[in-house]
Amino acid sequence: MTAKSNKKQLHTALDGLPFGDGSPESLGRVDKRLPEGITSRMLYRDVVRIAWPSFVELMLTQLTSMVDLMMVGSLGAWALTAVGLTTQPKFLLMTMFAAMNVGATALVARYKGAGTPEKANLVVRQAMLLTFLLSLTASILGYVFAEPMVLFMGAADEQALQGGTVYLQIQMLGFVFMALTSTFTAVLRGVGDSRTAMVYNLIANLVNVVFNYLLIYGHLGFPQMGVAGASLATIIGQFVAFVMAGLVMLRGRGYLKLRLREGFRPNREILENIFQIGLPAMVEQLLMRAGMIIYSKTVASLGTVPFATHQVCMNIQALSFMNGQAFAVSATTLMGQSLGRKRPDMGQAYCTRTRRIGMMVAILIGLTFVFFGHQLVGLYNDDPEIIRLGGRILLLVAVMQPLQSSQFIIAGGLRGAGDTRATAVITFITVLLVRPISAIVFINLFHWGLEGAWIAMVLDQLLRSILVLLRYQSGKWKQIKLKNE
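Analysis parameters
- Residues numbered from 1 in each chain as written.
- Predicted model: local features only at pLDDT ≥ 70, side-chain atom pairs only at ≥ 80, totals over all residues.
- Heavy atoms only, no water.
- Helix = DSSP H or I, 4+ residues; strand = E, 2+ residues; numbered from the N terminus.
- Rg over C-alpha atoms; globule rule 2.2 N^0.38 Å.
- Buried < 20%, exposed > 50% of the residue type's maximum accessible area, 1.4 Å probe, protein only.
- Contact = heavy atoms within 4.5 Å.
- Areas by Shrake-Rupley, 256 points an atom, 1.4 Å probe, with all protein chains shown as cover.
- Lys, Arg positive; Asp, Glu negative; His and termini not counted.
- Charge placed at Lys NZ, Arg CZ, Asp CG, Glu CD.
- Expected span 1.5 Å × (residues − 1).
- Bend = angle between axes of the 7 residues up to and from the residue.
- Salt bridge = Lys/Arg side-chain N within 4 Å of Asp/Glu carboxyl O.
- Phe/Tyr/Trp six-rings, centres within 6.5 Å; stacked < 30°, edge-to-face > 60°.
- Lys NZ or Arg CZ within 6 Å of the ring centre and 35° of its normal.
- Core = buried A, V, L, I, M, F, W, Y, C linked by side-chain atoms within 4.5 Å.
- pLDDT = per-residue confidence, 0-100.
- Axes fitted to C-alpha atoms, helices over the stretch in contact; angles between N-to-C directions.
- Parallel < 35°, antiparallel > 145°, perpendicular 65-115°, else oblique.
- Nonpolar A, V, L, I, M, F, W, Y, C, P; charged D, E, K, R; others polar.

Q: Sorry, what's going on with the overall build of the protein chain here?
A: Counting its regular elements, the protein chain contains 15 helices and zero strands. By the compact-globule yardstick of 23 Å for 485 residues, the protein chain fits well, its C-alpha radius of gyration being 22 Å. Along the longest, intermediate and shortest principal axes, the C-alpha atoms of the protein chain span 65 × 50 × 35 Å. Across the 485 residues of the protein chain, 58% fall into the buried class. Residue pairs at least 24 apart in sequence account for 84% of intrachain contacts in the protein chain once pairs closer than 6 positions are excluded. Here the protein chain displays about 19700 Å² of accessible surface, and carbon together with sulfur accounts for 66% of that area. Separation of charge centres in the protein chain, based on 42 positive and 25 negative side chains, amounts to 8 Å.

Spelled out as structure tokens, the structure:
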């Protein structure tokens, strides 16, 4: 690394501390007192510096998704349903590479903490290789089997089936570019650079919205494509993000630099470490998607209007995910860097403060849903039944906010430590068992309708939060070692 590039590296309070010795004693019960010269203010500053760009990026990305759905919603309830039916199949296909990105983030963070940039940059190339192969496979499968997947999700009429099939097939055409961009974002977050990803994703979102206007309704001489136009606008925006992210990585003005001349030949050590963390994460994501598909199919059985309401509320709830996910980025990055420096005490100190900030934001978000729930739902569709039912559902979403935030952040810390097997087991218990089974019981036996499905989600979040916290407090994440570490 040159002196010029070193100046652009992102520094934390952790960088000023000596390496730990990695002894069993240092991995035992962590003293809650901070090391000499380190203050809580310094730790909060590190947490917020990494989290705020991620928060802005994720929030505005979700707002773009909300605008997508609002524009699609003007076409009718069938269009909301058509797009909603593609959500879980697309997420299921994304697990093939998204889980490997978890491993890439954790590894880059550890190598950053250990002060080995050559290994961090090797992870970048290996992660790109994996992502390309997995996303190409997923895109082919998704395109070929688009109609059966949408039909399996519960398309109730021909219009929703056709619209959903076209939407999903177009998404698959841009899948590889979206996947590679997500890998660039993952490795940048590993070194604590969440601001760069924020910039290129915000520009991509703006492009998406502009092309939504042009292609859904056929403005300024563009064809009127409806649901297909919304999907095409999305992949145009994703391609813009890919180009910008690729240029950033090739220029390499920070800790990471993509050196194409060094090639993409598989490296056994790095791949084994990625798989060590990524495979349990993939199992977790597959279990989550399976549970969500069962859950979504159960809700779809209620009919077009309830499912359209459900889709709107899920879209609004996803906006609230941004709080927990953004601070989880901080938890993952700072935990990984702390363990790379053999300082589990700092990892725990960072995680504690991240949870505090996330909890405060979660309470504010919950209050927004309580007081403005009906108005938010009304932005999507003016059907009085959708607005009435959606407003009641958002009261349950408000209750979930503190649980959801804490669970995301602690799980992010565990992933930064490489403890992905535990989170996979917890996901199996909660998302694959508790949520869908409870939803089936509440809907089919108790006849609670859509509200019963969302009560099942509250139970899922409550149990998941408790189990994740218990795993974190056990301290077993401090014992996880990488190959040749």
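Okay, back to it.
Q: Please clarify how helix 8 (residues 195–217) should be interpreted in this entry.
A: An α-helical turn contains 3.6 residues, so any two residues separated by three or four positions project in the same direction. Compared with an ideal rise of 1.5 Å per residue, which puts 23 residues at 33 Å, helix 8 spans 33 Å between its outermost C-alpha atoms and is within 8% of the ideal. Largest kink in helix 8: about 25 degrees, centred on Phe211. Ala197, Met198, Tyr200, Asn201, Ala204, Asn205, Val207, Asn208, Asn212, Leu214, Leu215 and Ile216 are the residues of helix 8 that are buried. At its buried positions, helix 8 is contacted by helix 2 (40–73), helix 7 (175–190) and helix 9 (227–251).

Q: Looking at this model, I keep getting lost on the pattern of salt bridges. Mind explaining?
A: Between side chains of opposite charge, a pair can form when the charged atoms approach closely. Applying the stated criterion across every chain, the model contains 12 salt bridges. Note that Asp419 is salt-bridged to Arg471, the shortest N-O span being 2.9 Å. Of this pair, Asp419 sits in the loop between helix 13 (384–416) and helix 14 (420–445) while Arg471 is found in helix 15 (residues 449–474), placing the two residues 52 residues apart along the sequence. Residue class for Asp419 comes out buried when judged on its relative accessible area of 3%. Residue Arg471 is classed as partly exposed on the basis of its relative accessible area of 24%. Here Asp460 and Arg435 are joined by a salt bridge, their closest N and O atoms 2.6 Å apart. In this pair, Asp460 is assigned in helix 15 and Arg435 in helix 14, connecting sequence segments 25 residues apart. Judged on exposure class, the residue Asp460 and its partner Arg435 are both buried.

Q: Would you take a moment to explain the packing of aromatic side chains for this structure?
A: Two measures describe an aromatic ring pair: the distance that separates the ring centres and the angle between the ring planes. Under the defined criterion, the tally for this structure stands at 10 aromatic pairs. An angle of 80 degrees between the planes, with centres 5.0 Å apart, marks the rings of Phe177 and Phe239 as edge-to-face. Within this pair, whereas Phe177 is found in helix 7, its partner Phe239 is found in helix 9, the two being separated by 62 residues in sequence. Looking at Phe177, the relative accessible area reads 31%, which means it is partly exposed. Among the aromatic side chains, those forming a connected cluster through ring pairs are Phe177, Phe239 and Phe242. Between Lys297 and the ring centre of Phe152, over which it is positioned, the NZ or CZ distance is 4.5 Å. One Lys or Arg, Arg435, reaches over the ring of Tyr295 and ends 5.3 Å from the middle of that ring.

Q: What should I look at first to understand the nonpolar core in this one?
A: One recurring pattern in soluble globular proteins: nonpolar side chains tend to sit buried together. If you look at the biggest cluster of nonpolar residues, it comprises 66 residues, and the most contacted ones within it are Phe175, Tyr295, Ile316, Phe369, Leu394 and Trp454. A per-element tally of this core places helix 11 (residues 304–340) first, with nine residues. Once residues within four sequence positions are removed from consideration, Ile316 is found in contact with Met66, Phe369, Leu376, Val377, Tyr380 and Leu394. One finds Val123, Val176, Ile274 and Ile277 within the second-largest nonpolar core, a separate group that totals 37 residues.

Q: Mind showing me how you'd approach the confidence of the model for the protein chain here?
A: The predicted coordinates ought not to be read in detail in places where the model reports low pLDDT. Summary statistics for the protein chain give a mean pLDDT of 85 and a share of 94% for residues scoring 70 or more. The lowest-confidence element of the protein chain is helix 1 (residues 3–7), averaging 39 in pLDDT; the highest-confidence one is helix 15, averaging 93. Ignoring residues within four places in sequence, the model shows residues 1–8, a span with pLDDT below 50, making 10 contacts including any to other chains.

Q: Help me out: how do you make sense of the packing of helix 2 against helix 8 in this one?
A: In a pair of packed helices, the angle between the axes and the distance between the axes together describe the arrangement. As a packed pair, helix 2 and helix 8 sit with axes 8 Å apart at the nearest point and diverge in direction by 10 degrees. On the basis of the axis angle, helix 2 is roughly parallel to helix 8. Residue-level inspection shows Trp52, Pro53, Val56, Glu57, Leu60, Thr61, Thr64, Val67, Asp68, Met71 and Val72 of helix 2 in contact with helix 8, the latter providing Arg195, Ala197, Met198, Asn201, Leu202, Asn205, Asn208, Val209, Asn212, Tyr213, Ile216 and Tyr217. Its residues assigned to classes, the contact of helix 2 with helix 8 comprises 14 nonpolar, six polar and three charged.

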